[in-house]
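Overview (structure and organization)
Chain residues, written in single-letter form:
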Amino acid sequence: MIRLVASDLDGTLLDSYRRITETNREAIRKLQENGIEFIINTGREYQNAIEIAKEANLTCGFICSNGASGYDEKGNLLFEHFIPPENVKKILSVFHEMGFTPNIFTNKGRLSLLSPEELKVYTKEIMIPSMQVSHPDFHYSEEDFQQLLKNVIFIDGEESLYNGEHQILKIISQNPDPEKLPVLANALKKIPGLSIANTSTTDIEITSSEAQKGLGLMDYAKRRGYTADEIVAIGDSGNDYSMLSLPGIHSVAMANATEEIQNICVYRTRDNKNDGIAYIIKCILTDRNNFELR
């Protein structure tokens, strides 16, 4: 019997405008009305993910920052896994050597070592072109950027980072040249205690080795009393691998999923770009005791 559905956000639940469609909202509501729990399992930080859910009038649990933190549907913190300060210094040292810009996420939100002006240049020249390599229809407006500025905590240099009370959940970076990220990843793998993932060939995501979507999902499920065979997990990219490769789980790859993700999943959706979650939920509600993707 299916008792829990865990969905990734970007490339899975969200459309190209980073919103949850009305069709998906209604499907999730029906799922919850039928006593099946829905949670979001995302690489995004909680502060950002909860805003997306609120816009869709969706109340649910969250696993955020690639499994670095978990929250119940009331916003209560369930767990956190931070990158140790000594590893943060090593990571940033590698970034400096290789010319990458770190984007830092903490339990208080996103930090920036860049000034607002420098962050705008990074967003325009690095972040947006990087996203558009894998998602050509990716949109990012001036309004989006102004909202970003409101949510970023600007700090004055690395000493302020190290000497403050910042506890770091995740560090990411992007580059529109796909050949540069594997080189960075190999350098970072020399630092013990890290988990390195990606959502595309143009980004890299670094967390503690204890922070992975799969570990976070099973931590959450254990607290609720769910077993692997009672869970449907849905995703599309590399940072979903640890979740979708869990033994016994009902794993579903979106139609736009990478080849690696499609190969490890039990099911694949049809070509239903923006409302694929609704289709999966329809199949679950058809027979939650013998779920299969038709």
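All of the points below concern the structure found in this document. All of these numbers come straight from a predicted model, not from anything done at the bench.

Rules of the game
- Residues numbered from 1 in each chain as written.
- Predicted model: local features only at pLDDT ≥ 70, side-chain atom pairs only at ≥ 80, totals over all residues.
- Heavy atoms only, no water.
- Helix = DSSP H or I, 4+ residues; strand = E, 2+ residues; numbered from the N terminus.
- Rg over C-alpha atoms; globule rule 2.2 N^0.38 Å.
- Buried < 20%, exposed > 50% of the residue type's maximum accessible area, 1.4 Å probe, protein only.
- Contact = heavy atoms within 4.5 Å.
- Areas by Shrake-Rupley, 256 points an atom, 1.4 Å probe, with all protein chains shown as cover.
- Lys, Arg positive; Asp, Glu negative; His and termini not counted.
- Charge placed at Lys NZ, Arg CZ, Asp CG, Glu CD.
- Core = buried A, V, L, I, M, F, W, Y, C linked by side-chain atoms within 4.5 Å.
- Phe/Tyr/Trp six-rings, centres within 6.5 Å; stacked < 30°, edge-to-face > 60°.
- Lys NZ or Arg CZ within 6 Å of the ring centre and 35° of its normal.
- Polar contact = N/O pair within 3.5 Å; in protein donor to acceptor, adjacent residues only side chain to side chain.
- Pairing = 2+ DSSP bridges.
- Axes fitted to C-alpha atoms, helices over the stretch in contact; angles between N-to-C directions.

1. Let's talk about the overall build of the chain
Of regular secondary structure, the chain possesses 12 helices and 14 strands. Over its C-alpha trace the chain gives a radius of gyration of 18 Å, about what one expects of a compact globule, namely 19 Å for 294 residues. With respect to the three principal axes, the spread of C-alpha positions in the chain is 55 × 35 × 35 Å. Classification of the 294 residues of the chain by burial places 51% in the buried group. Sequence-distant contacts in the chain: of pairs separated by 6 or more residues, those separated by 24 or more amount to 62%. Of the accessible surface of the chain, which amounts to about 13700 Å², a share of 47% is contributed by carbon and sulfur atoms. One way to put it: in the chain the 30 positive side-chain charges average out to a point 4 Å from where the 42 negative ones average out.

2. Thoughts on the nonpolar core
One finds Phe-62, Ile-280 and Phe-291 to be the most contacted residues of the largest nonpolar core, which totals 37 residues. Elements with a minimum of two residues in this core: helix 1 (9–13), helix 2 (22–33), strand 2 (37–41), helix 3 (46–55), strand 3 (61–64), strand 12 (231–235) and helix 12 (276–286). Sorting elements by how many residues they give to this core places helix 12 first, with 7 residues. Setting aside anything within four residues of it in sequence, one finds Phe-62 in contact with Ile-40, Tyr-46, Ala-49, Ile-50, Ala-53, Ser-69, Gly-70 and Tyr-71. Ile-83, Ile-91, Ala-185 and Ile-206 belong to the second-largest nonpolar core, a separate cluster that totals 21 residues.

3. Brief notes about the packing of aromatic side chains
With the rule as written, the count across this model stands at 4 aromatic pairs. The interplanar angle of 70° and the centroid separation of 5.2 Å between the aromatic rings of Tyr-267 and Phe-291 together place this pair among those described as edge-to-face. Of this pair, Tyr-267 sits in strand 14 (residues 267–268) while Phe-291 sits in the segment after helix 12, and the two are 24 residues apart along the sequence. The exposure class of Tyr-267 is buried, given its relative accessible area of 17%. What links up through ring pairs into an aromatic cluster is the set Tyr-46, Phe-62 and Tyr-71. Over the ring of Tyr-162 we find Lys-89, and its NZ or CZ is 5.0 Å from the ring centre.

4. Some remarks on the side chain of His-81
With respect to the helices and strands, the residue His-81 is situated in the loop between strand 5 (77–80) and helix 4 (85–98). Of note is the side chain of His-81, whose polar atom sits 3.5 Å from the side chain of Glu-210. When residues no more than four places from it in sequence are discounted, the contact partners of His-81 are Gly-67, Ala-68, Leu-169, Ser-208, Glu-210 and Ala-211.

5. Here we look at the environment of Ile-191
Relative to the elements of secondary structure, Ile-191 occurs in the loop between helix 8 (180–188) and strand 10 (194–197). A sequence separation of 189 residues divides Ile-191 from Ile-2, and the C-alpha atoms of the two residues are 39 Å apart. With residues near it in sequence (within four places) discarded, Ile-191 still touches Asn-87, Lys-90, Ile-91 and Val-94.

6. Concerning the sheet that holds strand 4 (residues 69–71)
Taken together, 8 strands build an open sheet; the order of strands is 5-4-3-2-1-12-13-14 and the sheet is mixed. Edge positions in the open sheet fall to strand 5 and strand 14, since each of these has one partner strand only. Pairing analysis gives 2 bridges linking strand 13 (residues 250–253) to strand 14, with the strands arranged parallel. For Val-252, the partnering residue across the bridge sits in strand 14 and is Tyr-267. Running at roughly 155° to strand 2, helix 9 (residues 213–224) makes contact with strand 1 (4–7), strand 2, strand 3, strand 4, strand 5 and strand 12 of the sheet.

7. Quick look at the pairing of strand 7 (residues 109–112)
As paired elements, strand 6 (residues 103–106) and strand 7 share 3 bridges and run antiparallel to each other. By the bridge assignment, Phe-105 is partnered in strand 7 with Arg-110. Between strand 6 and the antiparallel strand that follows it, strand 7, lie 2 residues. Alignment of strand 7 against strand 8 (residues 152–154), held across 3 bridges, turns out to be parallel. Counterpart to Ser-112 in the pairing with strand 8 is Phe-154.

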